[in-house]
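Breakdown of the fold
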Amino acid sequence: MNLVNVTDYVEAAAAKVDPSVWCYFEGGAGDEVTLRANVAAFDRWRFRPRVLVDVSEVTTATTLLGTPVGMPLGVAPFAMQRLIDPSGEVATARAAAAAGALMCVSTLTTSTHAEIAAAGDGPRWLQLYVLRDRQRTLDHIHEAREAGYSALVLTVDLPYVGRRERDLRLGFQNPPPDLHLPYAGLFETSPALTWRDLEWIRSEIPLPLVLKGILTREDATLAVEHGADAVWVSNHGGRQLDGVAAGLDALPEVAEAVDGRCEVYVDGGVRRGGDVLKALALGARAAFAARSVACALAVDGERGVAHALSLLRDEIQLGLGLLGCTSPDQVARSHVEAALPYDSPA
Ligand SMILES: Cc1cc2nc3c(=O)[nH]c(=O)nc-3n(C[C@H](O)[C@H](O)[C@H](O)COP(=O)(O)O)c2cc1C
């Protein structure tokens, strides 16, 4: 059967990968309320297309922190990619570069930064976990700098790892003891990290700093005050605190608090080009996807990721044209409205 959209890849991946590994990729924390909310949130918005606009030329290209990218959708950092494909992050990096998508590489990568850099020259950012072992974190940052990453994405929603019950049920050990993680060692993030540590990170590496895992206007404001170059609205794919808002639902309050002072991104539940367009309309400069990419990687390696990203890019392009926009920059708040339940009283 032909795989014609990302949901087809999600189903094919679940059928293919050993459940005792796949639980880690597909699961969320607790009752998975937030995991489900991430996907469901997109259906509560509908488009308000404009017509009779010349859309004979539509581009999906944009810039993220000044870096040109082929589309307003990037690959979110996801850990341990060699668990689902022998080339892991290297395969994803090649496919992302071919699709013009920015790739954010996890601290829990199973490939080295040098290997990933050798795979292609697409735009890449480094996702950073600050470990209890700060020297190890410093060594990591310096190696990443040599490998040509153009921004640092500090994940701030993981002082502790969330309780993921699918993993517990099937005995998945995070991380698996026999898996080589070149930059994480005994993976223990620092629960003592605070706003004050941002200075320390900045002084070690003069790259733009993105804060990933912001969900409130309060923290968005603090992020701007502490000089963040971008905030990334995320609930970590529903894998950390269950019961928080869907990424898309937290986006408007963060975008409003930021008020154009830095770039805003969002992730969580992106399966369609239309999801990306709704995110743009609600204030994001770009959206990111992890599981959509992971599923394609598990199903067909580099080829799968390249195909899934090209499907998403085509959906974004078609959606822009049908919305009456010729570029991502033109998508505005007026292009969406909240969808009321049809049976609600007027
Ligand atoms: C298997 C898996 C591993 C992940 N590993 C990381 C990670 O190492 N660092 C990080 O900041 N986020 C990590 N995330 C969270 C993603 O970056 C992202 O915030 C989230 O998954 C987006 O939702 P989506 O999977 O519905 O696209 C991971 C997510 C998944 C599914």
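It should be noted that the structure appears before, not after, this text.
Residues numbered from 1 in each chain as written. Predicted model: local features only at pLDDT ≥ 70, side-chain atom pairs only at ≥ 80, totals over all residues. Heavy atoms only, no water.

Considering the nonpolar core
Applied cut-off: Nine residue types can take part in a nonpolar core, namely buried Ala, Val, Leu, Ile, Met, Phe, Trp, Tyr and Cys, and a core is a set of them joined through side-chain atoms within 4.5 Å. Whether a residue is buried, partly exposed or exposed follows from its accessible area with a 1.4 Å probe, protein chains only, as a fraction of its type maximum: under 20%, in between, or over 50%, in that order. What counts as a helix is a DSSP run of H or I of at least four residues, what counts as a strand is a run of E of at least two, and both are numbered from the N terminus.
L73, I84, L251 and L309 are the most contacted members of the largest nonpolar core, which totals 99 residues. Examining the composition of this core, we find that 15 residues originate from one element, helix α12 (residues 291-323), more than from any other. Core analysis: the next-biggest nonpolar cluster, separate from the first, contains 14 residues, L64, A76, L102 and C104 among them.

Focus on unusual backbone geometry
Of note, the amide linkage connecting N174 to P175 takes the cis form, showing an omega dihedral of -10°. Its place among the elements puts P175 in the loop between α7 (165-170) and α8 (197-204). One non-glycine residue with positive phi stands out, namely E32, at about 60°. By secondary structure assignment, the location of E32 is in the loop between α2 (19-26) and α3 (33-40). Positive phi, close to 55°, is recorded for L52, a residue that is not glycine. Summarising the element assignment, L52 is placed in the loop between β1 (45-47) and β2 (62-64). Residue class for L52 comes out exposed when judged on its relative accessible area of 88%.

A short note on α2
What counts is decided by this rule: Should any heavy atoms of two residues lie within 4.5 Å, those residues are counted as being in contact. Identification of polar contacts relies on pairs of N or O atoms within 3.5 Å, with a donor-acceptor requirement for protein atoms, meaning one able to donate a hydrogen and the other able to accept it, and with residues adjacent in sequence counted only if both atoms are side-chain atoms.
Along α2, the residues that are buried comprise V21, W22, C23, Y24 and F25. Here the buried face of α2 lies against α1 (6-16), α7 and α12. Of the residues flanking the start of α2, the one acting as N-cap is D18, its side-chain oxygen 2.9 Å from the backbone nitrogen of S20.

So, the pattern of salt bridges
As a reminder, the rule being used: Any Lys or Arg side-chain nitrogen located within 4 Å of an Asp or Glu carboxyl oxygen qualifies as a salt bridge.
Taken as a whole, this structure holds 16 salt bridges when the rule is applied. Residue E188 is joined to R132 by a salt bridge in which the shortest nitrogen-to-oxygen separation is 3.6 Å. Highlighted residues: E188 in the loop between α7 and α8 and R132 in the loop between β6 (124-128) and α6 (134-146), separated in sequence by 56 residues. According to the relative accessible area criterion, E188 is partly exposed, its value standing at 42%. Measuring nitrogen to oxygen at the nearest pair gives 2.7 Å for the salt bridge that ties E315 to R272. Of the two residues, E315 sits in helix α12 while R272 sits in the loop between β10 (263-267) and α11 (273-281), which places them 43 residues apart along the sequence. Owing to a relative accessible area of 19%, E315 belongs among the buried residues under this scheme.

Structural notes on the environment of L108
Mapping L108 onto the fold places it in the loop between β5 (103-105) and α5 (113-119). As a C-alpha pair, L108 and D133 span 25 residues in sequence and 15 Å in three-dimensional space. In contact with L108, other than residues within four places in its own chain, are A79, M80, E89, Y129, L181, A184 and F187.

None of this, on its own, says anything about what the molecule does.
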